[in-house]
Amino acid sequence: MTSAVRLVAQRELVLRLRTKWFLIGTLVIVAIMAGYVLLQMSFFGGEDRSRIGFAGQATGLSERVADAAAELDIDVETTTVVDLTAAKADLSDGSLDAVVSGTAAEMRVLVKEELNPRLRAVLTELSRQEVLTAKLAQAGVPDPTAVMAEANAARVDVTAIDPGSAADDQRLAIGVIMVFLLFMSINTYGTFVAQGVVEEKSSRVVEILLATIRPWQLLLGKIIGIGLVGLIQLVAIAAAGIALALAADVLTLSSVAVSTLVWGAIWYLLGFFLYAALFAGSGALVSRQEDAQSVLTPVTLVLVVGFVAGLNVMIVDADGVAARAMSLVPLLSPVLMPGRIAASDVAVWELALAIGLTLATIALVTYLGGRIYHNAVLHTGSRMKLTAALRG
Amino acid sequence: MALDAQHTAVRYAVEVAGLCKRYGDVVALNDVGFTVGPGELFGFVGSNGAGKTTTMRIMLGVLAADAGEVRVGGTPIDRETRARIGYMPEERGLYPKMTVRDQLVYLARLHGLSTNDAHTAAENWIRRLGITDRRDDEIQKLSLGNQQRVQLAAALVHDPALLVLDEPFSGLDPVAVDVMSEVLKEKAAQGVPVVFSSHQLALVERLCDRLGIIRDGAMVAVGSIEELTAAATTRLRVGVDGAPGWADDVAGVRVVGDDGDATLLELAQHADEQAVLRAAMAAGRVTEFSRYRATLAELFRNVVVEGTAQ
Ligand SMILES: Nc1ncnc2c1ncn2[C@@H]1O[C@H](COP(=O)(O)OP(=O)(O)OP(=O)(O)O)[C@@H](O)[C@H]1O
Ligand SMILES: [Mg+2]
């Protein structure tokens, strides 16, 4: 009778996906993430961009300035200035950062208060090269342009001892966001499982259900159905977030992002199954929605403690002893491991051990939670004692 | 209905045998047994706390018995047979936020109907029970009586081969009582054994072929209404134009009641009717003197309240 499990799961899935709260909730979280990305852009992108107007003779320089700036990773936007009075107005209201006029050798730059030092370096360098080329020609050097090209091609050879660390900030950010999303998803959808169990008890519908199907079928179907809803939301949010961040250039590590997403989904499933059985067992102990909070608090507390403590050790040092040890603790792994996978390099044995321990814990917790559920789900009235529910 | 035709041929008898159930020190059931034949309407009556609900829950497998078993067609009941029971629990329960139709289709499918059959059956019962205009409403928005109709539909939607209904008539208006009675009779006519509990004895008397009375977890009477009432003591209905209390001193006679026109008497096993008549004539003009059969209510009172089981 696995079709019973499928039917129960289907009911949960369809009913929950159809509610307006699912859609609204998902959109709100995506909107918050979009806001965060935009904030990042205005800090690191928008502020950095310099708008330079070129007037008169200098118009011909715009392309060279743009190229030189790009080489130094400076974001510039070039325009042609026709009316100098209008350009001055643009300078004072901030829509232009600098107006360049004159020749390459004798550049004049008009700014509001001061010239961005990096931009000054770019312009000065250009000016120097122009002067140098002219002097070389005067000195009778046969091909001054070739000499300049050769000089410009000279590069220092940089060897990084820790090549990853430049990307570390991004990776940590991805990791922290993933930890946060996982915590939220597991907590929210685990609570939904408990609420669903209590709803069936308080409405007494459980009696006709269990006259037809077995308790484990009802429980498994419910967990699968609600878990899938959570998975759909998690993947939708994470994918939307990554797409936004990549599009806005806030995120450049697309491979890290994708592997984080895949691992996030895997760990969500592990974590959800782990906590769902705990939530379901706890929910089965009470018969009224009002009593639910008291039995759910201990479960939620474990999750919250893992989340807060884990996040802190991860931010301090994602590869540190504390983070590594905590990410191996079964009840904490589902939240911490995916964070570490994003933020640092997790050894294969660590990952395997964490997955193995989590699976073993899932088996144990599912056995206990299922037993509690089986014994308590038809019990009505006052809250059932945990020991009584375990004994049956 | 096409569905019915397919199952009418299957005629089961349901036997409940030697059921025992304890809750701690409370003995809820002690050797409860009765048989319900195919197409039989069986009324299950007893005071509050007598053990009706406990028996029915055990029949459905929602509760495990300490001893005894439930047999259908001679073999112990199993999962598959239980899926063919239509059950209405004492504590009604449906998903409050599901619509009537979705709810019925879901339950039908859980019982193994295909999507199409489930929809057809749900629509049929919705129409039959007069809740067509509420079919897209959430259950929680329905009145209690209408919820009860949906609950009955839920018990019937998978074309059950056996019906077990715990107090199906409580909370229904007279029209709904009639609809419910019709449906039960119709199912019985199709060969389905129907067991239902009720405190409305007049209804049980009108509807049932046989009935069982349970007291403190033990069956005290099982049989047809005729059998049970015939076995009871002789009853007289005597109309006298005179002072009440005339029958108080007649040997072996107990005054059961007074219906305004006449005094109702119960005679002990060997009491003399003629002595009663003489006492009546002494008291005044006798307008009526007849035997009558005990009502179920009186039988019930005898058997259950006074504990004079035969
Ligand atoms: N979960 C339980 N725990 C302890 N005792 C119980 C429980 N359920 C029922 N009982 C006891 O079992 C006995 C039979 O109860 P049951 O509910 O079967 O009676 P009933 O005939 O259905 O009564 P009613 O007419 O009031 O519905 C009662 O004494 C009741 O107190
Ligand atoms: Mg009852």
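Residues numbered from 1 in each chain as written. Chains lettered and ligands numbered in written order. Predicted model: local features only at pLDDT ≥ 70, side-chain atom pairs only at ≥ 80, totals over all residues. Heavy atoms only, no water.

Peer 1: Lay out the overall build of chain A with the relevant residues and their values.
Peer 2: When you go through chain A residue by residue, the secondary structure sums to 15 helices and four strands. Along the longest, intermediate and shortest principal axes, the C-alpha atoms of chain A span 100 × 45 × 35 Å. Within chain A, the proportion of its 392 residues that are buried is 44%. Long-range pairs, those at least 24 residues apart, make up 73% of the contacts in chain A with a sequence separation of at least 6. Summing over all exposed atoms, chain A offers an accessible surface of approximately 19800 Å²; the carbon and sulfur share of this is 64%. Considering chain A, the positive charge centre built from 28 side chains and the negative charge centre built from 34 side chains are found 17 Å apart. (Helix = DSSP H or I, 4+ residues; strand = E, 2+ residues; numbered from the N terminus. Buried < 20%, exposed > 50% of the residue type's maximum accessible area, 1.4 Å probe, protein only. Contact = heavy atoms within 4.5 Å. Areas by Shrake-Rupley, 256 points an atom, 1.4 Å probe, with all protein chains shown as cover. Lys, Arg positive; Asp, Glu negative; His and termini not counted. Charge placed at Lys NZ, Arg CZ, Asp CG, Glu CD.)

Peer 1: If you had to explain the overall build of chain B to someone new, which residues and values would you point to?
Peer 2: Each helix and strand in chain B was counted, giving 11 helices and 14 strands. Burial status across chain B gives 49% buried among its 310 residues. Restricting the contact set of chain B to residue pairs at least 6 apart, pairs at least 24 apart contribute 69%. Surface summary for chain B: the accessible area is close to 13500 Å², and the carbon and sulfur share equals 48%. When the 32 basic and 42 acidic side-chain charges of chain B are each reduced to a single mean position, those positions are 4 Å apart.

Peer 1: Tell me what's going on with the confidence of the model for chain B, and back it up with residues and numbers.
Peer 2: Per-residue pLDDT for chain B averages 86, and the proportion of residues at 70 or more is 95%. With pLDDT under 50 throughout, residues 1–9 of chain B is counted as low confidence; its partners more than four residues away or in other chains account for 12 contacts. (pLDDT = per-residue confidence, 0-100.)

Peer 1: Describe in detail the site of ligand 1, supporting the description with residues and values.
Peer 2: Residues and elements named next belong to chain B. As a matter of local geometry, ligand 1 sits amid 14 residues, with Gly-49, Lys-52, Thr-53, Thr-54 and Glu-90 nearest to it. Within the contact set of ligand 1, an oxygen atom lies 2.7 Å away from a backbone nitrogen or oxygen of Gly-49. The separation between an oxygen atom of ligand 1 and a polar side-chain atom of Glu-90 is 2.5 Å. For ligand 1, whose accessible area on its own is 640 Å², the fraction buried by protein is 64%. For the shell around ligand 1, the secondary structure elements donating two or more residues are strand 2 (26–36) and helix 2 (52–60). Looking at which element gives the most residues to the shell around ligand 1, the answer is helix 2, with three residues. (Near = heavy atom within 4 Å. Polar contact = N/O pair within 3.5 Å; in protein donor to acceptor, adjacent residues only side chain to side chain.)

Peer 1: Quick one: what's the story with the pattern of salt bridges, residue by residue and with numbers?
Peer 2: Pairing is possible between side chains of opposite charge, provided their charged atoms come close. The tally for this structure, following the rule as stated, stands at 32 salt bridges over all chains. One salt bridge in this structure joins B:Glu91 and B:Arg57, with 3.7 Å as the shortest N-O distance. Of this pair, B:Glu91 sits in the loop between strand 6 (85–88) and helix 4 (100–110) while B:Arg57 sits in helix 2, placing them 34 residues apart in sequence. Looking at B:Arg57, the relative accessible area reads 17%, which means it is buried. When salt bridges with common partners are traced through the structure, they connect A:Arg11, A:Glu12, A:Arg16, A:Glu200 and A:Lys222 into a single cluster. (Salt bridge = Lys/Arg side-chain N within 4 Å of Asp/Glu carboxyl O.)

Peer 1: Which residues make up unusual backbone geometry, and what values go with them?
Peer 2: In this model, A:Arg204 sits at a positive phi of 65°, which is unusual for a non-glycine residue. A positive phi angle, near 55°, is found at B:Asp31, a position not held by glycine. Position of B:Asp31 relative to the elements: it lies in strand 2.

Peer 1: Account for the nonpolar core, naming residues and giving values.
Peer 2: By size, the foremost hydrophobic cluster in this structure holds 167 residues, and its most contacted members are B:Phe34, B:Met59, B:Leu104, B:Phe169, B:Leu184, B:Phe196 and B:Ile213. Apart from residues no more than four positions distant in its own chain, B:Ile213 is found in contact with B:Val45, B:Ala218, B:Met219, B:Val220, B:Ala221, B:Leu299, B:Phe300, B:Val303 and B:Val304. (Core = buried A, V, L, I, M, F, W, Y, C linked by side-chain atoms within 4.5 Å.)

Peer 1: Residue-level account of the sheet that holds strand 12 (residues 253–258) of chain B, with values.
Peer 2: By definition, the strands of a sheet pair up through backbone hydrogen bonds, in either a parallel or an antiparallel sense. Residues and elements named next belong to chain B. As summarised here, the arrangement of the four strands in space is 12-13-11-14, forming an open sheet in which the pairing is antiparallel. On the outer flanks of this sheet lie strand 12 and strand 14 (285–291), each paired with one strand and no other. Mean inter-strand twist for the sheet, computed between neighbouring axes without regard to direction, equals 25°. The strands that helix 10 (residues 273–283) touches are strand 11 (235–241), strand 12, strand 13 (263–267) and strand 14; relative to strand 11, the one it contacts most, it runs at about 15°. (Pairing = 2+ DSSP bridges. Axes fitted to C-alpha atoms, helices over the stretch in contact; angles between N-to-C directions.)

Peer 1: Account for the domain arrangement of chain A, naming residues and giving values.
Peer 2: Entries for chain A in the domain assignment read domain 1 (3–32 + 167–391) and domain 2 (49–152). Relative to domain 2 of chain A, the C-alpha centre of domain 1 of chain A lies at a distance of 56 Å. (Domains from an automatic or database assignment.)

Peer 1: Can you break down the coordination of the magnesium ion (ligand 2) residue by residue, with the values?
Peer 2: For a metal with four donors in a tetrahedral arrangement, the ideal angle between donors is 109.5 degrees, while six donors in an octahedron ideally sit at 90 or 180 degrees. Residues and elements named next belong to chain B. Taken together, the protein donors to the magnesium ion (ligand 2) comprise Thr-53 (OG1) and Glu-90 (OE), at separations of 1.9 to 2.1 Å. Taken together, the residues Thr-53 in helix 2 and Glu-90 in the loop between strand 6 and helix 4 connect sequence positions 37 residues apart. Accessibility expressed as a relative area gives 14% for Thr-53, which makes it buried. (Donors = N, O, S within 2.8 Å, 3.2 Å for Na, K, Ca; no water.)

Peer 1: Account for the interface of chain B and chain A, with residues named and values stated.
Peer 2: Residue-level contacts link 22 residues of chain B with 23 residues of chain A. Here chain B and chain A share an interface that buries about 2200 Å² over both sides, 60% of which is from carbon and sulfur atoms. Considering only the surface of chain B that becomes buried against chain A, B:Arg79, B:Tyr95 and B:Leu110 emerge as the three largest contributors, covering 32% of it. Linking chain B to chain A there are three salt bridges. Put simply, A:Glu207 and B:Arg57 hold a salt bridge, and the shortest N to O gap is 3.0 Å. At the junction of chain B and chain A, the tally comes to five residue pairs in polar contact (both at pLDDT 80 or more). Taken together, the elements giving at least two residues each to the side of chain B that touches chain A come down to helix 2, helix 3 (79–82) and helix 4 of chain B. In terms of residues, the side of chain B that touches chain A owes the most to one element, helix 4 of chain B, which gives six residues. In terms of residue class, the side of chain B that touches chain A is made up of 11 nonpolar, four polar and seven charged. (Buried area = accessible area lost by both parts, 1.4 Å probe. Nonpolar A, V, L, I, M, F, W, Y, C, P; charged D, E, K, R; others polar.)

Peer 1: Report on the sheet that holds strand 2 of chain B, specifying residues and quantitative values.
Peer 2: All names here are of chain B. Strand order in this open sheet of four strands is 2-1-4-5, and the pairing throughout is antiparallel. Of all strands in the sheet, those with a lone pairing partner are strand 2 and strand 5 (75–76), marking the two edges. Two strands pair when backbone bridges link them, and strand 1 (residues 14–23) and strand 4 (residues 67–72) are joined in this way by five bridges, in the antiparallel orientation. Directly across from Val-14, in strand 4, lies its bridge partner Val-72. Each of strand 1, strand 2 and strand 4 is contacted by helix 2, which is oriented at about 115° to strand 1, the strand it contacts most.

Peer 1: Which residues make up the pairing of strand 1 (residues 50–55) of chain A, and what are the values?
Peer 2: All names here are of chain A. Across the six residues of strand 1, five count as buried, placing the element largely inside the fold. One ladder, built from six bridges, connects strand 1 with strand 2 (residues 76–81); its direction is parallel. Pairing of Gly-53 across the sheet is with Thr-79, part of strand 2. As a crossover connection, the stretch from strand 1 through helix 3 (residues 62–71) into strand 2 is right-handed. (Right-handed = clockwise from strand over helix to strand, strands pointing away.)

Peer 1: Before we move on, could you go through the environment of B:Gly37 and cite the residues and values that matter?
Peer 2: Relative to the helices and strands, B:Gly37 is located in the loop between strand 2 and strand 3 (41–45). In this structure B:Gly37 touches B:Tyr12, B:Ala13 and B:Pro193, once residues within four positions along its chain are discounted.

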